[in-house]
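# Structural characterization, general
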Amino acid sequence: MKLIFSIFLLFTFQQVIFSQVLTQTVRGTVIDKQSQGAIPGAKVMVLDSQPLLAAVTDNEGNFQILNVPVGRLTLVVKFIGYETVTLGNLELKSGKELIVNVGIEESVTQLDQVEVTFTEEKSETINKMSTVSARTISTEEAGKFAGTLNDPARMAQNYAGVSGVSDSRNDIIIRGNSPLGVLWRMEGIDIPSPNHFSSLGTTGGPVSMLNINNLANSDFYTSAWTADYGNALSGVFDLRLRNGNSAKREYLAQVGFNGFEFGAEGPFSKKSNASYLLNYRYSTLGVISALGINLGVGTAVPQYQDLTFKFNFPTAKLGKFTVWGIGGVSAIEFAATGVADSTNLYSNPKERTTFSSQTGVVGASHKYFFGTKTFSELILAYSYSGTTGAGDTLSESGDFFNTFGFDRTQQKASSNFKINHKINARNTFTTGIIAESYFTDIKDSAYSFGAYRIISKNKGDAILLQGYINYQHKFSDKLVFNGGVHSQHFELTSSNVVEPRLGLKYNPNKRHTISIGAGLHSQIQPITVYFIEEELADKISYPNQNLGFSRAVHNVLGYDIQLSENVRLKTEFYYQYLFGIPVDTASSNFSMINEGAGFILPNGTGYMNDGTGQNYGAEITFERFLNKGAYFLFTTSLFNSTYKGSDGIERNTAFNGNYIFNALGGKEFQLKHNLTLGFDVKVTVAGGRRTTPIDLEASKLAGSEVLYEDQLYEDQQKEYFRLDFKTTLKHNGKRVSQQFSVDLQNLTNQQNIFQTGYNANTQKIGTIYQRGFFPNVQYTIVF
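This write-up is about the structure you can find in this document. (Residues numbered from 1 in each chain as written. Predicted model: local features only at pLDDT ≥ 70, side-chain atom pairs only at ≥ 80, totals over all residues. Heavy atoms only, no water.)

## With respect to the environment of aspartate 441
Its location among the elements puts aspartate 441 in strand β25 (residues 427–448). Since its relative accessible area comes to 18%, aspartate 441 is described here as buried. A sequence separation of 243 residues divides aspartate 441 from serine 198, and the C-alpha atoms of the two residues are 17 Å apart. Excluding anything up to four places from it in sequence, aspartate 441 contacts Asp407, Arg408, Thr409, Asn458 and Lys459. In this structure the side chain of aspartate 441 is engaged in a polar contact, spanning 3.3 Å, whose partner is the side chain of lysine 443. (Helix = DSSP H or I, 4+ residues; strand = E, 2+ residues; numbered from the N terminus. Buried < 20%, exposed > 50% of the residue type's maximum accessible area, 1.4 Å probe, protein only. Contact = heavy atoms within 4.5 Å. Polar contact = N/O pair within 3.5 Å; in protein donor to acceptor, adjacent residues only side chain to side chain.)

## Looking at the packing of aromatic side chains
This model, assessed by the stated rule, comprises 25 aromatic pairs. Here phenylalanine 355 and phenylalanine 406 contribute two aromatic rings whose centre-to-centre distance is 6.3 Å and whose plane-to-plane angle is 50°, an arrangement assigned as tilted. In this pair, phenylalanine 355 is assigned in strand β22 (residues 351–370) and phenylalanine 406 in strand β24 (residues 400–422), connecting sequence segments 51 residues apart. Of the two residues examined, phenylalanine 355 and phenylalanine 406, each falls in the buried class. Pairing phenylalanine 590 with tyrosine 607 gives two aromatic rings, centres 5.1 Å apart and planes at 15°, and the pair type is stacked. You can see phenylalanine 590 sitting in the loop between β33 (567–584) and β34 (607–627) and its partner tyrosine 607 sitting in strand β34, a full 17 residues away along the chain. Per residue, the accessibility class of phenylalanine 590 equals that of tyrosine 607, and both read buried. Every member of this aromatic cluster is reached through a ring pair, and the members are Phe268, Tyr276, Phe309, Phe311 and Phe313. The lysine or arginine in question, lysine 367, covers the ring of phenylalanine 375, its NZ or CZ lying 4.6 Å from the ring centre. (Phe/Tyr/Trp six-rings, centres within 6.5 Å; stacked < 30°, edge-to-face > 60°. Lys NZ or Arg CZ within 6 Å of the ring centre and 35° of its normal.)

## Digging into a negative patch on the surface
Together, Glu709, Asp710, Glu714 and Asp715 give the surface a local cluster of negative charge. Assignment of secondary structure puts glutamate 709 in the loop between α6 (696–702) and β40 (715–716). According to the relative accessible area criterion, glutamate 709 is partly exposed, its value standing at 43%. (Patch = residues over 30% accessible without salt bridge, like charges linked within 9 Å, V, L, I, M, F, W, Y side chains within 5 Å. Areas by Shrake-Rupley, 256 points an atom, 1.4 Å probe, with all protein chains shown as cover. Salt bridge = Lys/Arg side-chain N within 4 Å of Asp/Glu carboxyl O. Lys, Arg positive; Asp, Glu negative; His and termini not counted. Charge placed at Lys NZ, Arg CZ, Asp CG, Glu CD.)

## Here we look at the nonpolar core
Formed by 32 residues in total, the largest nonpolar core has its most connected members in Ile172, Trp184, Met186, Phe220 and Phe237. If you list the elements that add at least two residues to this core, you get α3 (152–156), β11 (182–186), β16 (235–239), β21 (320–334), β23 (374–394) and β35 (630–644). The contact partners of phenylalanine 220, leaving out residues within four places of it in the chain, are Ser133, Ala134, Arg135, Ile137, Ala156, Val162, Ile172, Ile174, Val236 and Phe237. Of all hydrophobic cores here, the second largest spans 28 residues; its members include Phe549, Leu578, Leu712 and Tyr713. (Core = buried A, V, L, I, M, F, W, Y, C linked by side-chain atoms within 4.5 Å.)

## A word on the pattern of salt bridges
Here the idea is simple: oppositely charged side chains can pair when their charged atoms come close. In the structure shown here, the tally under the stated rule is 34 salt bridges. The salt bridge involving lysine 422 is made with glutamate 106; its shortest N-O contact spans 2.7 Å. Linking lysine 422 in strand β24 with glutamate 106 in the loop between β7 (98–104) and β8 (134–137), this pair joins segments that are 316 residues apart in sequence. No difference in accessibility class separates lysine 422 from glutamate 106, as the two residues are buried. In this structure, arginine 722 engages aspartate 724 in a salt bridge whose closest nitrogen and oxygen atoms are separated by 3.0 Å. Given a relative accessible area of 1%, aspartate 724 falls into the buried group.

## Quick look at the sheet that holds β8
In spatial order, the strands read β8-β15-β16-β11-β12; together these five strands make up an open sheet with mixed pairing. The open sheet is flanked by β8 and β12 (189–190), the only strands paired with a single partner. Two strands pair when backbone bridges link them, and β8 and strand β15 (residues 218–221) are joined in this way by four bridges, in the antiparallel orientation. Counted as the bridge partner of arginine 135 is phenylalanine 220 from β15. (Pairing = 2+ DSSP bridges.)

## Comments concerning unusual backbone geometry
Proline 51 follows glutamine 50 through a cis peptide bond whose omega is -5°. Look at asparagine 67: it is not a glycine, yet its phi comes out positive at around 55°. Relative to the helices and strands, asparagine 67 is located in strand β4 (residues 62–69). When its relative accessible area of 54% is taken as the criterion, asparagine 67 is described as exposed. Here the phi dihedral of asparagine 231 falls at roughly 55°; this positive angle occurs in a residue that is not glycine. Within the secondary structure layout, asparagine 231 lies in the loop between β15 and β16.

## Notes on empty space enclosed by the protein
Enumeration according to the criterion identifies nine cavities of 30 Å³ or more in this entry. Elements that contribute at least two residues to the lining of the largest cavity include exactly β11, β22, β23, β24, β25 and β33. Of the pockets and cavities examined, the second largest cavity occupies roughly 210 Å³. Lining the second largest cavity are 16 residues, and of these Arg135, Tyr159, Ala160, Lys570 and Thr621 sit closest to its centre. Among the secondary structure elements, those contributing two or more residues to the lining of the second largest cavity are β8, β33 and β34. Of all the elements, β33 adds the most residues to the lining of the second largest cavity, at four residues. The residue inventory of the lining of the second largest cavity, partitioned by class, reads four nonpolar, six polar and six charged. (1 Å grid on protein atoms, 1.4 Å probe; cavity = no way out; pocket = protein on both sides within 12 Å on 5 of 7 lines; lining within 4 Å. Points joined across faces, edges and corners; volume = space filled by probe spheres on them. Nonpolar A, V, L, I, M, F, W, Y, C, P; charged D, E, K, R; others polar.)

## Focus on the sheet that holds strand β6 (residues 85–92)
Hydrogen bonding along the main chain pairs the strands of a sheet, whether they run parallel or antiparallel. Taking strand neighbours across the sheet as the criterion, the four strands line up as β3-β2-β5-β6 in an open arrangement whose pairing is antiparallel. Both outer strands of the open sheet, β3 (53–56) and β6, are each paired with one neighbouring strand and no more. Across this sheet, the average inter-strand angle for adjacent strands is 20°, counted without regard to direction. Here strand β5 (residues 71–78) runs beside β6; their pairing, made up of six bridges, is antiparallel. Bridge pairing links glycine 71 to leucine 92 in β6. (Axes fitted to C-alpha atoms, helices over the stretch in contact; angles between N-to-C directions.)

## With respect to the pairing of strand β41 (residues 720–733)
Most of β41 is tucked away: 11 of the 14 residues are buried. Here 12 bridges tie strand β38 (residues 675–686) to β41, and the two strands are oriented antiparallel to one another. Residue pairing for β41: leucine 675 is matched across the bridge by histidine 731. Note that β41 and strand β42 (residues 736–745) share nine bridges and pair antiparallel.

By themselves these figures say nothing about function.
This is the structure we're talking about:
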């Protein structure tokens, strides 16, 4: 509390003694959205500035506007023959230059100038060929919204169709699909789960490695994505790292739930436009736990650290080169207390468990322009992800004996080469090839019936090849067609798939948009599943290497109406049919469709691609974009998600919550010209997790939990409810910007259920609850 009070005093003292109007520089680049070529001669203006603050882009499309007053501002970008773009409510801080990269679209009608009078929609994506179920996630939103912990994955859970009913993990569950179906991509390369404490093959985790201080705006898809994305069934998160400031050195320090953090960026020299961006973060959870705040891990203290970097080297004749990377390590040890602990959501009180994970990706790219309408890009990358763990069980005599252990690693070498060509204002196409080589090393063992059993011990490799073509045709400025084909070949199982994609967007006028999207999507199984051993007659085999792709057909119809300059209403209706899902060869209720929202993946054998599933629903988004310091976002999702195992019985999937409602809003108040106070609130109401009834009498006889397997996922936990409230104080001083926030998560201390289970000691069914009230305090300084 003394530290918090001292920070408040610092803010107050600075704003009293420093009252002159502060200014900063706005710089950036204007490019053609289709060809990505520079637009020289475009006019960039600060709206409503007196006198007018403006600049004209140079031959490289760059612009610079000096002496812009700090605070919120709106930029207008104009160029003859192109649609005018308005970027509203950009935040300019005294401690950091504002760098804005803008893509503008050439008008098909070729008028001298086509005006767009409304603010650029945040539903518009960076990918020029997306049509439906897509949105750009801005880094400002990730930092502004209450309850997100600055995590892009938790940020995405606020949008229609995405479920976020777990306080302990950030799995992205889209329209009732498994989070295994999500594709993470960074800088054009498919990457492993960017989370601390994540297990090999999963896509979520308790703590994100992603740092919004390093990210640029990124695209998020929930269905029917374009043909340049593959190996995914439920969604795509296409991440981009921002470039460092190429003209001025800047620094950042931050402390909060996500860790102690320090960042630096700037030019390598004043003679070139080359820049660097570096950020390092170390866990603060030990400090938070010492304060008595429940982290959901009992007395254990999670430890983690991560590093993100990007080096950018533009050249005059050879194109642009970049080198980038992200990596993190994490570890935790759960002690065997022998006593049940309601604050520990992860371990058995009679088991001493250790777990560690390591994830890293490093890549390099080269982008070269052949004139103004064509470019090629080659990206090479290497990724590593590994997990190790062990469990020691406390015996009745008080001694420990080892019961399980694992050591799993996966390395991947990746490449992505593409060519983009804008034929004219109406036609653009992109084609590319993606190659991925997987190398796995898996060692799993467990103690069973008086002996240790090797579950899996092998090394293996596999190659996944993908190719795609995207094509966009503008019949007019009102009617746009996006189509393409994606293909995949998985060398390990000799499986091949061809996946057509299409989208059509019609704007009868500036206020209304009708969109239709459809596509066939396919995904290989988690690599670890293919290398599970089966031993018969002293012969080892890998029966899961007969598995092909899991597949899904997506169909989406959307309608979007701009109710006013900053308010819109959007609806989407969808149907998804999943097939080729791995299920047991023998009649059972098992399906891979229900896996992926935890730390363990199936380790069985004898699967076949005969499972099916379906998801259908309706979504509504009612939104006011940030304007005059205020915004709101209401999303409602009604859906149904079912599947069939090899027994042919239709059941709820594990992710069939049926409904989700989110309400978010916020308001900024300008206390002084350099001091802003903001309030943000979020309410989530969602259907509870699906569960299977426990047979209490059978559990008593067995001494362990026994479920009614014929009633799999028929029960549902009580409704999930959470209220978050955030207060933020921002101060701009001379060459220094500071921000202090208090995010009160689960303000009402709601007891949302984590899990129910049979307690052999009490012979009763017990309940463990998710994290209660959690205050997240964060301080940031930029200079």
